Amino acid sequence: MRNQNRIGFHARNWAELERVVNIEGVSLVELKPEKLRQRDNIEMYFYDGKSFVINEPIVKEIKTICDEKSICAQIHLPFEKKNDSSEERGLCQSEISHHPMILARYEMFGRLLDDYDIGSVLTTHPPTFGFGSKQLWSEQQSLEAGIALYAKVDMLIKEKKYRFRLGIENMVLPKKSGIGSIGYKPEHIDKLIGNTSEIGITVDSGHRRLNDEMSVSKLFSYGHVVNVHFHSNAGIPSAVDYRDDEHIFATRKNLLYYNRYIKTFRRFRMPIVLEIDKLDKFSDEELGRYVMNLRKEIN
């Protein structure tokens, strides 16, 4: 596949992984370790509050599945749900004291790619400044902590010569409670990665659809886009929850600036993750048809 965009789906459980690698036209999969843990009790790696250890039997099996179909395996990092460093979902980027352990996780991902060729692209949400209705940090504190953390990650990548590409994802607006993540304005992303050379952007088209303050054209101008989450929704933001982010197939009818995405894919050849919910509602033929039609549009 000379100089082609890699296109594929995310995998939130083992059955999805085994299925999507066999869909016509698919050449990548984005693994979600936390979903594998929640839904199948499958651990890609272990975390005990002190260190990260790769679960070699599982990653070897993932590697075998991907290698058989020449699939590139990406990883979406778990996002923060609490402030508690004893659990991975409690590692908070806004909490400076958590940074050493977060860096240790990136070191683990560096080894995972070097040893098993898994995790060529990593995607992370920007720092969260609170949970539920409780704000733990000001947005400025979260922004400053994120800038400091990504500078450390940038240096780690260069010092260790890690091969993975890290993308910081654009976010939706905070909900009615006022609590959410930074990264809902283009300027946040610009500041987070502005002093780095090895960290880029993951553009999420569904998040953009729900956020009029976001500009994808600005994102594309701020840094290297290492990944795109390509999906859509009705474009009607909810004030209270995240069910508005429907994760449906993007089309010209439901995704604003669809043609601009297509032109950008054609020119820059970045990976495209079809982050679609309810894959079980579609047949393999339907999924393959969408992938192949998208390929025709961008080639």
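Going by the structure above, here's the rest.
Let me sum up the structure you'll find in this document.

Rules and cut-offs
Residues numbered from 1 in each chain as written. Predicted model: local features only at pLDDT ≥ 70, side-chain atom pairs only at ≥ 80, totals over all residues. Heavy atoms only, no water. Helix = DSSP H or I, 4+ residues; strand = E, 2+ residues; numbered from the N terminus. Rg over C-alpha atoms; globule rule 2.2 N^0.38 Å. Contact = heavy atoms within 4.5 Å. Phe/Tyr/Trp six-rings, centres within 6.5 Å; stacked < 30°, edge-to-face > 60°. Buried < 20%, exposed > 50% of the residue type's maximum accessible area, 1.4 Å probe, protein only. Lys NZ or Arg CZ within 6 Å of the ring centre and 35° of its normal. Pairing = 2+ DSSP bridges. Axes fitted to C-alpha atoms, helices over the stretch in contact; angles between N-to-C directions. Polar contact = N/O pair within 3.5 Å; in protein donor to acceptor, adjacent residues only side chain to side chain. Core = buried A, V, L, I, M, F, W, Y, C linked by side-chain atoms within 4.5 Å.

Turning next to the overall build of the protein. Looking only at helices and strands, one finds 10 helices and 12 strands in the protein. In terms of overall size, the protein behaves like a compact globule, its C-alpha atoms giving a radius of gyration of 18 Å where 299 residues would be expected to give roughly 19 Å. Dimensions of the protein along its principal axes, counting C-alpha atoms only, are 50 × 45 × 35 Å. Intrachain contacts of the protein at a sequence separation of at least 6 include 73% that bridge at least 24 residues.

Overall, the coordinates contain 11 aromatic pairs when judged by the stated rule. Ring centres of Tyr47 and Phe52 lie 4.4 Å apart, and the angle between their planes is 20 degrees; on these two criteria the pair is classed as stacked. Tyr47 sits in the buried class, given a relative accessible area of 17%. Between the aromatic rings of Tyr162 and Phe164, the centroid separation amounts to 5.8 Å while the plane-to-plane angle is 20 degrees, which identifies the pairing as stacked. Cluster of aromatic residues (ring-pair linked, three or more members): Tyr45, Tyr47, Phe52 and Phe109. The cationic tip of Arg89 hangs over the ring face of Phe79; the distance from NZ or CZ to the ring centre is 4.8 Å. The side chain of Lys175 reaches across the aromatic face of Tyr242, ending 4.9 Å from its centre.

One key point about sheets: their strands pair by backbone hydrogen bonds, in either a parallel or an antiparallel sense. Within the closed barrel, the 8 strands sit side by side as S1-S2-S5-S6-S9-S10-S11-S12. Their pairing is parallel. Strand after strand, the sheet turns through a mean of 30 degrees between neighbouring axes, direction not considered. Pairing of strand S11 (residues 225-229) with strand S12 (residues 272-274) involves 2 bridges; the strand directions are parallel. Across the sheet, the residue bridging to His229 is Val273, located in S12. Packed onto the sheet, helix H4 (residues 99-116) meets strand S5 (72-76), strand S6 (118-124) and strand S9 (165-169) and runs at close to 150 degrees relative to S6.

Glancing now at the side chain of Asn227. Its location among the elements puts Asn227 in strand S11. Judged by relative accessible area, Asn227 falls into the buried class, the value being 0%. Side chain to side chain, Asn227 and Gln74 meet in a polar contact 3.1 Å long. At 3.1 Å, the side chain of Asn227 forms a polar contact with the side chain of Thr123. If we ignore the near neighbours within four places in the chain, the residues touching Asn227 are Glu30, Gln74, Val121, Thr123, Ile201, Thr202, Val203, Pro271 and Val273.

Glancing now at the nonpolar core. Phe9, Leu31, Met44, Ile118, Phe230, Leu274 and Leu294 are the most contacted members of the largest nonpolar core, which totals 83 residues. In terms of residues, this core owes the most to one element, H4, which gives 9 residues. Apart from residues lying up to four places away in sequence, Leu274 is in contact with Ile7, Gly8, Phe9, His10, Phe230, Phe249, Tyr290, Val291 and Leu294.

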